[in-house]
Amino acid sequence: MTWLLWREYRLNRWILLTGAVLILLPYAYAVLLDVDRSFHFFGAWVSSTGSAYLTVALLAGNAIAGEQVDRSAEFIAYLPLERWRLVASKLLLFLIAFALIWAPIFWGATQITLPVEMAHLVDVRGFTICVLFFYGVGWLFTSILSSPVYACAMTLVTSALLYGGAVGIAVICGFQADLLNDKDAHETVRFWCAMIMLPVAIICFGIGTWNYLRGSQT
Amino acid sequence: MTWLLWREYRLNRFVLAAGAVLVILPYVIAALCLPIEGAESTELFIGAWIWGGFFSVLSVALLGGNVIAGERADRSAEFVAYLPLERWQMLAGKLLFCLTAIAVIWTIHLLIRTVLLSDQPAADIRWLTICFGVTFGASWLCSSLQLSPAVASAMGFGANIVIWGCIAAISMTVEQTDGYTPDLIERHVAHILVRYAIIGLPFSAVCFSLGTWNYLRRSEP
């Protein structure tokens, strides 16, 4: 398993490096410039969070399609390896990366001191759910498509469409609230997002894994 | 040339489709939110402009990252290498395709700015133009060097963020003042824009030249 994990790291090292730079850079600015811990630090946290989503989308998009790009999939296919071991190594890399991404986001969240009525905007649970959603959707696309860029692009589009659809349904249903200042409305939206995004992520991950395990690709 | 352009379209059609959705969707969401009581159309469309701009830059990064590395990923580079084609013809096909796509994205934003946000200084097309240039140049270089289009896109997008962030941070440090007034913020933003243009555009040109040189001289596809 160790060398499989090493292989996954080698396959994704540039994405991990870029992600690390993009996630840590806003904090580095915030700490070096000694900005105030309310709105300026919140801005750094939001930038870091956005970069984390992008990193996870790239990581997921590259997970299976990436090994087809560098031709290592053909090599691996001739080795006496079970498919589930490959899935396990890919998942393990994601879990390690997720822990490494989550730690600075959580640290940033503990540093922010927004006014009480806006404190609910610093939402680490929502971030965790979104990351799982991005990875689940990306995993499905990477198991179907041949290029990691297609998989990443489709992940971003699916997320944006889901968000746009949710806004459309909310407007049609007459949901009107100031999400910036209304904590209860924010909690309601968060609950419904979790109710939709987690099952979608699990279903996408399940279909992607099934597609990969049944060996339709190299 | 026509079939080279068709090939580029086939190679990048998912990226183009994704880019089209990502660029237009924020404006659709803003339009959907208009009926909400108390919603300000200007604020909504400024938000949509920022998201649309962010997604546009991301789309340019994906396009730039996929344009050379993508043909290695789907093995069509090997096929094309055996055809009686000059490298510069393939380069011209790629460039024409990318520049057309970027021009379309840019024109969409210009139209939206002209029609909906003409009096809003936040919706500044110059920022977007420089962002497009830097991101495309960096992605193009990485795409000509890398095997994976995802890695090339990530590095191209990351390079733009790092350059912009460094310039903004240095400007904020150099021009640090105790209090901020709207005039002062406007002047700061203008200074950052000038520095971003002075550093970003030559950086983009150098990256693009290096990427082109590498693509033209490579013996392997």
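Structure: see above.
Below is a summary of the structure that appears in this document. A quick note: this is a predicted structure, and the numbers were derived from the prediction, not measured. (Residues numbered from 1 in each chain as written. Chains lettered and ligands numbered in written order. Predicted model: local features only at pLDDT ≥ 70, side-chain atom pairs only at ≥ 80, totals over all residues. Heavy atoms only, no water.)

**Concerning the overall build of chain B**
Phase 1 of the analysis: Scanning chain B from N- to C-terminus turns up seven helices and zero strands.
Phase 2 of the analysis: Counted from the first residue to the last, chain B has its helices and strands arranged as α-α-α-α-α-α-α.
Phase 3 of the analysis: Seen through its C-alpha atoms, chain B measures out along the principal axes to roughly 60 × 45 × 25 Å.
Phase 4 of the analysis: Burial statistics for chain B: of 221 residues in total, 49% are counted as buried.
Phase 5 of the analysis: In chain B, the share of contacts with a sequence separation of at least 24, taken over all contacts with a separation of at least 6, comes to 82%. (Helix = DSSP H or I, 4+ residues; strand = E, 2+ residues; numbered from the N terminus. Buried < 20%, exposed > 50% of the residue type's maximum accessible area, 1.4 Å probe, protein only. Contact = heavy atoms within 4.5 Å.)

**Some remarks on helix H6 (residues 149–174) of chain B**
Phase 1 of the analysis: In a regular helix each residue adds 1.5 Å, so 26 residues correspond to 38 Å; H6(B) covers 37 Å between its end C-alpha atoms and thus fits that length.
Phase 2 of the analysis: At the N-terminal end of H6(B), a side-chain oxygen is found 3.3 Å from the backbone nitrogen of Ala150(B), two or three residues along, and the residue is Ser148(B). (Expected span 1.5 Å × (residues − 1). Polar contact = N/O pair within 3.5 Å; in protein donor to acceptor, adjacent residues only side chain to side chain.)

**Description of the environment of Phe41(A)**
Residues and elements named next belong to chain A.
Phase 1 of the analysis: For Phe 41, the position within the fold is in helix H2 (residues 39–63).
Phase 2 of the analysis: Between the alpha carbons of Phe 41 and Asp 70 there is a distance of 40 Å; along the sequence they are 29 residues apart.
Phase 3 of the analysis: Residues within four places of Phe 41 in sequence aside, it is in contact with Tyr 27, Ala 30, Val 35, Asp 36, Trp 107, Gly 108, Gln 111 and Ile 112.

**Some points on a nonpolar patch on the surface**
All names here are of chain A.
Phase 1 of the analysis: A cluster of nonpolar side chains, contributed by Met 1, Leu 92, Leu 95, Ile 96 and Leu 100, occupies part of the molecular surface with about 460 Å² of accessible area.
Phase 2 of the analysis: Here Leu 100 lies in helix H5 (residues 83–111).
Phase 3 of the analysis: Its relative accessible area of 61% is what places Leu 100 among the exposed residues. (Patch = residues over 30% accessible without salt bridge, like charges linked within 9 Å, V, L, I, M, F, W, Y side chains within 5 Å. Areas by Shrake-Rupley, 256 points an atom, 1.4 Å probe, with all protein chains shown as cover. Salt bridge = Lys/Arg side-chain N within 4 Å of Asp/Glu carboxyl O.)

**Regarding empty space enclosed by the protein**
Phase 1 of the analysis: All chains considered together, the criterion is met by three cavities of 30 Å³ or more.
Phase 2 of the analysis: Its boundaries defined by the atoms lining it, the largest cavity holds a volume of some 50 Å³.
Phase 3 of the analysis: Contributing to the lining of the largest cavity are Leu54(A), Leu58(A), Cys152(A), Leu58(B), Ala61(B), Leu62(B), Ser153(B), Ala154(B) and Phe157(B).
Phase 4 of the analysis: Of all the secondary structure elements, the ones that give two or more residues to the lining of the largest cavity are H2 of chain A together with helix H2 (41–73) and H6 of chain B.
Phase 5 of the analysis: Within the lining of the largest cavity, the residues separate by chemical class into eight nonpolar, one polar and no charged.
Phase 6 of the analysis: In this structure, the second largest cavity occupies an estimated 40 Å³ of space.
Phase 7 of the analysis: In this structure, the second largest cavity is lined by Glu8(A), Asn12(A), Leu59(A), Ala63(A), Lys90(A), Leu93(A), Phe94(A) and Tyr135(A).
Phase 8 of the analysis: Mapped onto the lining of the second largest cavity, the elements with two or more residues apiece are helix H1 (2–32), H2 and H5 of chain A.
Phase 9 of the analysis: Per-element tally for the lining of the second largest cavity: the top contributor is H5(A), with three residues. (1 Å grid on protein atoms, 1.4 Å probe; cavity = no way out; pocket = protein on both sides within 12 Å on 5 of 7 lines; lining within 4 Å. Points joined across faces, edges and corners; volume = space filled by probe spheres on them. Nonpolar A, V, L, I, M, F, W, Y, C, P; charged D, E, K, R; others polar.)

**Here we look at the layout of surface pockets**
Residues and elements named next belong to chain A.
Phase 1 of the analysis: Considering only enclosed or pocket space, the second largest pocket measures out at about 300 Å³ in volume.
Phase 2 of the analysis: Residue lining of the second largest pocket: 16 residues in total, with Leu 16, Leu 17, Ala 20, Ala 97 and Leu 100 positioned closest to the centre.
Phase 3 of the analysis: Examining the composition of the lining of the second largest pocket, we find that nine residues originate from one element, H1, more than from any other.
Phase 4 of the analysis: Along the lines of polarity and charge, the residues of the lining of the second largest pocket split into 13 nonpolar, two polar and one charged.

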